[in-house]
Amino acid sequence: MLRYLLLRNPGHNRVYYLESEKLALAELTLTLHRLEQTCASIESVDLVGVNYLSFIVEKSLSEYDLAWLSRLSFIFALFVQVVGDESNLKPVALNPPSHIDPKISMLLKYGGKTNEIFTRMMINVGLLSSDYSFTDSIQLLDPVAGKGTTLYEAATSGFDVTGIETERKMVHETTLFFKRFLEEEKYKHSLTKHSMYSSSTGQEAFIQLFEYAPDKQAFKSEIDRKHLAIIAGNAIHSRRYFKAEKFHLIIGDLPYGIAHGNKGKKKHTSRTRSPAELMQTTLPEFHKILKKGGCLVLAWNKFVWPREEFAALLYTTGFQVLDADPYDQFTHRVDQSIKRDIVVARKP
Ligand SMILES: C[S@@+](CC[C@H](N)C(=O)[O-])C[C@H]1O[C@@H](n2cnc3c(N)ncnc32)[C@H](O)[C@@H]1O
């Protein structure tokens, strides 16, 4: 029997402080359900003063299993030892996704940015809880995209990604940033901008669409050419922007009403700390554009909207909310006014 030991990224503690181990164990547990062999004794262990997460399996992990482990948001290094021979610790090579350079989501720092490790975790939890795998041609939407952390993290995995953002300035900055990134990395790419629809209020939505590949040859291939799109629009109109059941994953960090306001339908409710109003209008839209077996993962501040109310609204809309252990382990304190949690819901 073999014991695998995972060393966590030292930055992980900074993101979640005292709760980082709990979140890492929850993400690991979901990941281990996807492996080709059964895993036992999933736990946190200390070896000569160093903390690891560990689990036991019968035999060596396959390439496929290692690919799942390499995707973990917190993983820094992996070791293996034979159970009963604790003196030997052998390093195991990881193979993290790098369709585009993963450093992309670390380059920008701005107020209201979602931490990239947390973002990667949300994407992983969504994928692990869906009927799909990283080997599928995943279509992912972030309906509250900000300056694109989710889009970049998902693009690193080779997913096709789309973001919606109400603030035109942010859409503009994201477009410039990604264009410069592709140029510097010498990717073959194209950028097109077109109008999507005009609402009765005269508000127009437009899309900036990047198509890109590492080189000319790959750009010609339907499979190797990837898409990253940003819509300057409003999540409340999601259904008008996309065909039904387009997305495998919908992932987003909802506005906290501090750096950003929720822009709902009604004219005089543009700034509120609770995302409840935004969710009432958008969840039915999200339900229509999500594929069956697809998954929705949204982060929000539990202090301003209780989890039970969020879950009840999701059920009413037709989602199946995943609530059992380890899905109840993702709550963590960000600061005095924010207790962040994620809700994970499937379209049955
Ligand atoms: C917490 S931020 C997301 C940050 C993003 N994950 C990042 O790292 O850049 C939430 C974003 O939602 C946007 N937003 C608020 N209401 C919206 C709506 N109805 N449709 C689309 N975007 C909205 C805000 O402008 C803000 O940029």
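Residues numbered from 1 in each chain as written. Predicted model: local features only at pLDDT ≥ 70, side-chain atom pairs only at ≥ 80, totals over all residues. Heavy atoms only, no water.

Some words on empty space enclosed by the protein
For the structure shown, the criterion picks out 1 cavity of 30 Å³ or more. The space that makes up the largest cavity amounts to roughly 40 Å³. Lining of the largest cavity is provided by Ile 104, Ser 105, Leu 108, Tyr 110, Lys 113, Lys 147, Thr 149 and Tyr 152. Contributions of two or more residues to the lining of the largest cavity are made by α4 (104-107) and α6 (149-156). In the lining of the largest cavity, the residues fall into 4 nonpolar, 2 polar and 2 charged. (1 Å grid on protein atoms, 1.4 Å probe; cavity = no way out; pocket = protein on both sides within 12 Å on 5 of 7 lines; lining within 4 Å. Points joined across faces, edges and corners; volume = space filled by probe spheres on them. Helix = DSSP H or I, 4+ residues; strand = E, 2+ residues; numbered from the N terminus. Nonpolar A, V, L, I, M, F, W, Y, C, P; charged D, E, K, R; others polar.)

Quick notes on the site of the ligand
Taken together, 26 residues lie around the ligand, and Tyr 110, Thr 114, Thr 149, Glu 165 and Asn 234 are the ones closest in. Between the ligand and Ala 235 there is a distance of 2.9 Å, counted from a nitrogen atom to a backbone nitrogen or oxygen. For the ligand, whose unbound accessible area comes to 610 Å², protein coverage reaches 99%. Among the residues making up the shell around the ligand, the classes are represented as 10 nonpolar, 10 polar and 6 charged. (Near = heavy atom within 4 Å. Polar contact = N/O pair within 3.5 Å; in protein donor to acceptor, adjacent residues only side chain to side chain. Areas by Shrake-Rupley, 256 points an atom, 1.4 Å probe, with all protein chains shown as cover.)

As for the packing of helix α2 (residues 20-32) against helix α5 (residues 116-128)
Relative orientation of the contacting elements α2 and α5 amounts to 30°, with a least axis distance of 10 Å. Regarding the angle of α2 to α5, the classification is roughly parallel. Here α2 and α5 pass one another in a crossing that is left-handed. Contacts from Leu 23, Glu 27, Leu 30 and Thr 31 of α2 reach α5 at Met 121, Asn 124, Val 125 and Leu 128. Of the residues in the contact of α2 with α5, the class split is 5 nonpolar, 2 polar and 1 charged. (Axes fitted to C-alpha atoms, helices over the stretch in contact; angles between N-to-C directions. Parallel < 35°, antiparallel > 145°, perpendicular 65-115°, else oblique. Left-handed = near helix turned anticlockwise from the far one by under 90°. Contact = heavy atoms within 4.5 Å.)

Observations regarding the pattern of salt bridges
A complete count under the given rule lists 16 salt bridges for this structure. Two residues, Asp 101 and Lys 103, come together in a salt bridge whose shortest N-O distance is 2.9 Å. Judged by relative accessible area, which is 27%, Asp 101 ranks as partly exposed. Classification of Lys 103 by relative accessible area gives partly exposed; the value is 33%. One connected set of salt bridges, linked through shared partners, spans Lys 302, Arg 307, Asp 323 and Asp 341. (Salt bridge = Lys/Arg side-chain N within 4 Å of Asp/Glu carboxyl O. Buried < 20%, exposed > 50% of the residue type's maximum accessible area, 1.4 Å probe, protein only.)

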